[in-house]
Amino acid sequence: MDYDPGWEARRSAFPLSLTMPLRSGPVEADRLLPWLANLLPETHLAEIGQRLKVSPQDIVGLLGHIGRDTAGALSIGEPRKPGVNLQPVRDATALERIVNELPAKPFLVGERGVSMSLAGVREKLPVYVADGGVISIPVDGTPSTHILKPDTKRLAGSVENEAFCLALARACGLEAAEATIGGAGERRYLLVKRCDRFTDPQGEIRRLHQEDLCQLTNHFPSQKYERSSTGGGATLAMMFYAISDLISPAERLKLLDAVIFNVRSAIQTPTPRTIRS
């Protein structure tokens with residue numbers, strides 16, 4: 001991969017990653033592919049690939065179909081159509097049906113104009129929430145504003161638990177996403193405001209570039225845990241060094257606070273669970 005000279009010449013230009021500086025020459029595949037892979041979900045790639053007739057191992061091919069609304073500012077695929085293009089969800093019954101279909105149709109893959117992807121294991125759906133709380137599905141490249149995370153039978157009370165943990169994190173002074181609990185028929189869900197979106201002075205939703213620590217340390221999603229089955233998993237030491245070297249040594253304190261907050265105690269909790277916000 002090379003940066004386009006026209007992009008590099010812009011005053012507002014930014015690198016894809018702190019590890020891929022502008023005007024540094026070609027970026028090799030072993031650096032680029034792990035970064036791109038972390039824009040894809042960790043599960044349901046087989047179902048997505050089957051619907052799109054793309055190999056689940058074809059990272060670039062998958063993103064060409066479902067990469068128009070990902071984490072951060074990057075949009076991969078066809079150019080965005082002008083304006084705000086939405087498919088409003090008519091009512092709670094329609095939303096419940098969409099949520100129930102997510103395991104078989106992740107990110108509504110195959111629906112006209114829908115092209116979105118998020119990393120992680122749990123089912124989730126990027127949505128657009130307008131003034132008044134109306135939920136819509138963004139299409140044709142329109143950025144989403146929130147992430148809808150449904151409840152799961154595998155973890156009772158997951159919605160309430162995550163909402164509580166986010167509120168507790170904010171009360172402790174940590175930076176945490178704003179979230180509200182909603183219901184659609186028999187399903188509960190958490191509606192999380194995206195931290196990588198903002199509204200400009202003209203009232204338009206804009207994407208804010210970001211990367212996670214797996215991208216920053218050049219790890220595939222399967223290597224995000226230290227005890228990785230594929231070996232060479234990301235460690236806390238790697239993360240702290242990357243932040244010190246590429247961002248600022250002072251930012252390590254924020255990571256340390258987040259790590260301390262997320263530590264689970266087997267002594268205090270008989271059946272401890274890891275909560276990801």
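You'll find the structure just up there.
Quick summary incoming for the structure in this document.

1. Quick word on the packing of aromatic side chains
In the structure shown here, the tally under the stated rule is 1 aromatic pair. Centre to centre, the rings of Trp7 and Phe14 are 5.2 Å apart; their planes meet at 90°, and the pair counts as edge-to-face.

2. Some remarks on the packing of helix H8 (residues 236-246) against helix H9 (residues 252-262)
At a minimum axis separation of 9 Å, H8 and H9 run at an interaxial angle of 155°. As far as their axial angle goes, H9 and H8 are roughly antiparallel. For the pair H8 and H9, the contacting residues are Leu236, Met239, Phe240, Ile243 and Ser244 in the first and Arg252, Leu255, Leu256 and Val259 in the second. Broken down by class, the residue content of the contact of H8 with H9 amounts to 7 nonpolar, 1 polar and 1 charged.

3. Some details on the side chain of Arg207
The topology assignment puts Arg207 in strand S8 (residues 205-207). Assessed through its relative accessible area of 18%, Arg207 is described here as buried. At 2.9 Å, the side chain of Arg207 and the backbone oxygen of Arg68 are in polar contact. In this structure the side chain of Arg207 is engaged in a polar contact, spanning 3.4 Å, whose partner is the side chain of Asp69. In this view, Arg207 contacts Arg68, Asp69, Gly72, Ala73, Ser75, Gly141, Thr142, Pro143, Asp196, Arg197 and Phe198; residues no more than four positions away in its chain are not counted.

4. Here's the deal with the sheet that holds strand S5 (residues 179-184)
With respect to topology, 6 strands assemble into an open sheet ordered S1-S3-S2-S4-S6-S5, the strand pairing being antiparallel. Edge positions in the open sheet fall to strand S1 (86-88) and S5, since each of these has one partner strand only. Each strand of the sheet is rotated relative to its neighbour by a mean of 40°, with strand direction disregarded. Two elements, S1 and strand S3 (residues 135-138), share 3 bridges in a ladder whose sense is antiparallel.

5. Here's the deal with helix H4 (residues 59-66)
Because each turn of an α-helix spans 3.6 residues, side chains separated by three or four positions end up pointing in the same direction. Those residues of H4 not exposed but buried are Ile59, Gly61, Leu62, Leu63 and Ile66. Of the surrounding elements, those touching the buried residues of H4 are helix H2 (29-37) and helix H3 (45-52).

6. Looking at the pairing of strand S6 (residues 187-193)
Counting buried positions over the 7 residues of S6 gives 5, a clear majority of the element. Taken together, the 5 bridges between strand S4 (residues 146-150) and S6 define a ladder with antiparallel strand orientation. In the sheet register, Pro150 faces S6, and the bridge partner there is Tyr189. Once S5 ends, the chain turns through 2 residues before running back antiparallel as S6, passing Gly185 with a positive phi of about 65°.

7. Looking at the nonpolar core
Ranked by internal contacts, the top residues of the largest apolar core, which has 44 residues, are Leu36, Leu95, Leu125, Val127, Ile135, Ile137 and Leu148. If sequence neighbours within four positions are ignored, Leu148 has contacts with Leu95, Val99, Lys124, Leu125, Val127, Ile135, Tyr189, Leu190 and Leu191. In terms of nonpolar packing, the next biggest core, distinct from the first, is built from 5 residues, Val159, Ala163, Leu166 and Val192 among them.

8. A word on the environment of Glu47
Among the secondary structure elements, Glu47 is positioned in helix H3. Residue Glu47 is classed as partly exposed on the basis of its relative accessible area, which comes to 30%. C-alpha of Glu47 to C-alpha of Pro106: the two residues are 59 residues apart in sequence and 7.8 Å apart in space.

9. Quick word on empty space enclosed by the protein
Following the criterion strictly, the structure yields 1 cavity of 30 Å³ or more and no others. Empty space within the largest cavity amounts to approximately 80 Å³. Looking at the largest cavity, it is lined by 13 residues, and the ones nearest its centre are His44, Phe107, Arg122, Glu123 and Lys124. Here the residues of the lining of the largest cavity are counted per class, giving 7 nonpolar, 3 polar and 3 charged.

10. Focus: the side chain of Thr70
Tracing the backbone through its elements, the reader meets Thr70 in the loop between H4 and S1. A polar contact is formed between the side chain of Thr70 and the backbone oxygen of Leu74, at a distance of 2.9 Å.

11. Describing the environment of Thr235
Within the element layout of this structure, Thr235 appears in the loop between helix H7 (213-216) and H8. Residues Thr235 and Ala169, 66 residues apart in the sequence, show an inter-C-alpha distance of 23 Å. Separated by 3.1 Å, the side chain of Thr235 and the backbone nitrogen of Met238 make a polar contact.

12. Description of a nonpolar patch on the surface
Among the surface-exposed residues, Leu18, Leu246 and Ile247 lie close enough to one another that they form a single nonpolar patch of about 240 Å² accessible area. The class of Leu18 is partly exposed, set by a relative accessible area of 38%.

Parameters and conventions
Residues numbered from 1 in each chain as written. Predicted model: local features only at pLDDT ≥ 70, side-chain atom pairs only at ≥ 80, totals over all residues. Heavy atoms only, no water. Phe/Tyr/Trp six-rings, centres within 6.5 Å; stacked < 30°, edge-to-face > 60°. Axes fitted to C-alpha atoms, helices over the stretch in contact; angles between N-to-C directions. Helix = DSSP H or I, 4+ residues; strand = E, 2+ residues; numbered from the N terminus. Parallel < 35°, antiparallel > 145°, perpendicular 65-115°, else oblique. Contact = heavy atoms within 4.5 Å. Nonpolar A, V, L, I, M, F, W, Y, C, P; charged D, E, K, R; others polar. Buried < 20%, exposed > 50% of the residue type's maximum accessible area, 1.4 Å probe, protein only. Polar contact = N/O pair within 3.5 Å; in protein donor to acceptor, adjacent residues only side chain to side chain. Pairing = 2+ DSSP bridges. Core = buried A, V, L, I, M, F, W, Y, C linked by side-chain atoms within 4.5 Å. 1 Å grid on protein atoms, 1.4 Å probe; cavity = no way out; pocket = protein on both sides within 12 Å on 5 of 7 lines; lining within 4 Å. Points joined across faces, edges and corners; volume = space filled by probe spheres on them. Patch = residues over 30% accessible without salt bridge, like charges linked within 9 Å, V, L, I, M, F, W, Y side chains within 5 Å. Areas by Shrake-Rupley, 256 points an atom, 1.4 Å probe, with all protein chains shown as cover. Salt bridge = Lys/Arg side-chain N within 4 Å of Asp/Glu carboxyl O.

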